[in-house]
Amino acid sequence: MFITFEGIEGCGKSTQCAKLMEHFIRQGHDVLHTREPGGSKLGRELRRILLHPENSDLAPASELFLYLADRAQHVASIIRPAMEDGRTVICDRFADSTVVYQGYGRGLDPKLLHQLNDVAVQGLWPDLTILLDLSPEIGLRRALTRNLKENKANTEGRFEAESLEFHGRIREGYLTWAALNRSRFLVVDAAQGPDQVFASILRGFEEKGIE
Ligand code: TMP
C-alpha cells in the first residue's frame, strides 16, 4: 500500500505520519516512511535549494522542475523498489503538493501539472491520500513557531515566508483538488488534538475499507 499525507504548513503531517507508521508496524507491516522533497540522495540536495529563503526569486517553472526532478528520483530509487519488496510506503507530501503549490499557489495549470507528475511517477500513484485540513492562521503560526524552535527559519523557511493570502489559496486548492479526486482522498479536520486527528484517520480507513 502507498499512502501519502498532504496539507498546508503546520497541519501536523509529521506527527500523523509517525502515528500511522507505528500503527502499521504493530499490525506487522514492513513500513517505509519517507518524504518530499528530500527522500532520495539527490532529493536532499534539491530540498536544501527548494526550501532555502535565499532562493526567494526562483521562477515558478524552475521551482516546478526541481520538485519534479526530486519526485522522479524518489520514485525510481526509493518508492518503487520498496513497493516491489512488498513494503507499505508512507510519504509526507507527494504529487498533489505540486498541483496545489505550483498550480493553485503559483498560478500554473493544475491539469498540466497532473500530466507532468505522471511523467515523474510513471504510473505509481498513491492508493490513499490523507489531507489534513487546517486554517492557514493556525497552521502558519504553528510552522513559524516550530521553525524558530528548531532553528530552521534561515535554512528551510522559504514557504513560511509567503503571505497568509498565499497559504489561504493553498488550503482552498487542496480542498478543490480533493473534491475532484474524491475516491483517493481522505479529508480530516486537523484542528483537533493529535490523538483525535489520528482517530479520525482510522475511522476514515474503516469507511474506505482499508485494514
Ligand atoms: P515540508 O517538507 O516541511 O512540508 O516542506 C516542503 C515545502 O515544499 C512545503 O512548503 C510545500 C512545498 N512543496 C511544493 O511547493 N511542491 C511540491 O511538489 C512539494 C513536494 C512541496
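Residues numbered from 1 in each chain as written. Predicted model: local features only at pLDDT ≥ 70, side-chain atom pairs only at ≥ 80, totals over all residues. Heavy atoms only, no water.

## With respect to the layout of surface pockets
Consideration 1: Of the pockets and cavities examined, the largest pocket occupies roughly 860 Å³.
Consideration 2: Lining the largest pocket are 37 residues; nearest its centre among them are Gly-10, Lys-13, Ser-14, Asp-92 and Arg-146.
Consideration 3: Where the lining of the largest pocket is concerned, the elements lending two or more residues are helix 1 (13-26), helix 2 (41-51), helix 3 (60-84), helix 4 (95-105), helix 6 (136-149) and helix 9 (194-208). (1 Å grid on protein atoms, 1.4 Å probe; cavity = no way out; pocket = protein on both sides within 12 Å on 5 of 7 lines; lining within 4 Å. Points joined across faces, edges and corners; volume = space filled by probe spheres on them. Helix = DSSP H or I, 4+ residues; strand = E, 2+ residues; numbered from the N terminus.)

## Here's the deal with the packing of helix 6 against helix 8 (residues 164-180)
Consideration 1: Where helix 6 meets helix 8, the axes come as close as 9 Å, and the angle between the chain directions of the two elements is 115°. The element helix 6 and its partner helix 8 pack so that their crossing is right-handed. Across from Pro-136, Glu-137 and Leu-140 in helix 6, the residues of helix 8 making contact are Leu-164, His-167, Gly-168 and Arg-171.
Consideration 2: The residue makeup of the contact of helix 6 with helix 8, split by class, is 3 nonpolar, 2 polar and 2 charged. (Axes fitted to C-alpha atoms, helices over the stretch in contact; angles between N-to-C directions. Left-handed = near helix turned anticlockwise from the far one by under 90°. Contact = heavy atoms within 4.5 Å. Nonpolar A, V, L, I, M, F, W, Y, C, P; charged D, E, K, R; others polar.)

## Side note on the site of the ligand
Consideration 1: Inspection of the region around the ligand gives 14 residues, with Glu-9, Tyr-67, Arg-93, Thr-98 and Gln-102 positioned closest.
Consideration 2: Separating a nitrogen atom of the ligand from a side-chain N or O atom of Gln-102 is a distance of 2.8 Å.
Consideration 3: Burial of the ligand by the protein chains amounts to 93% of its free accessible area of 480 Å².
Consideration 4: Comparing atom positions with the cavity grids shows the ligand to sit within the largest pocket.
Consideration 5: Contributing elements (two or more residues each) for the shell around the ligand: helix 2, helix 3 and helix 4.
Consideration 6: Counting residues per element, the shell around the ligand draws most heavily on helix 4, at 4 residues.
Consideration 7: Its residues assigned to classes, the shell around the ligand comprises 5 nonpolar, 3 polar and 6 charged. (Near = heavy atom within 4 Å. Polar contact = N/O pair within 3.5 Å; in protein donor to acceptor, adjacent residues only side chain to side chain. Areas by Shrake-Rupley, 256 points an atom, 1.4 Å probe, with all protein chains shown as cover. Sits in = over half its atoms within 2 Å of the grid points.)

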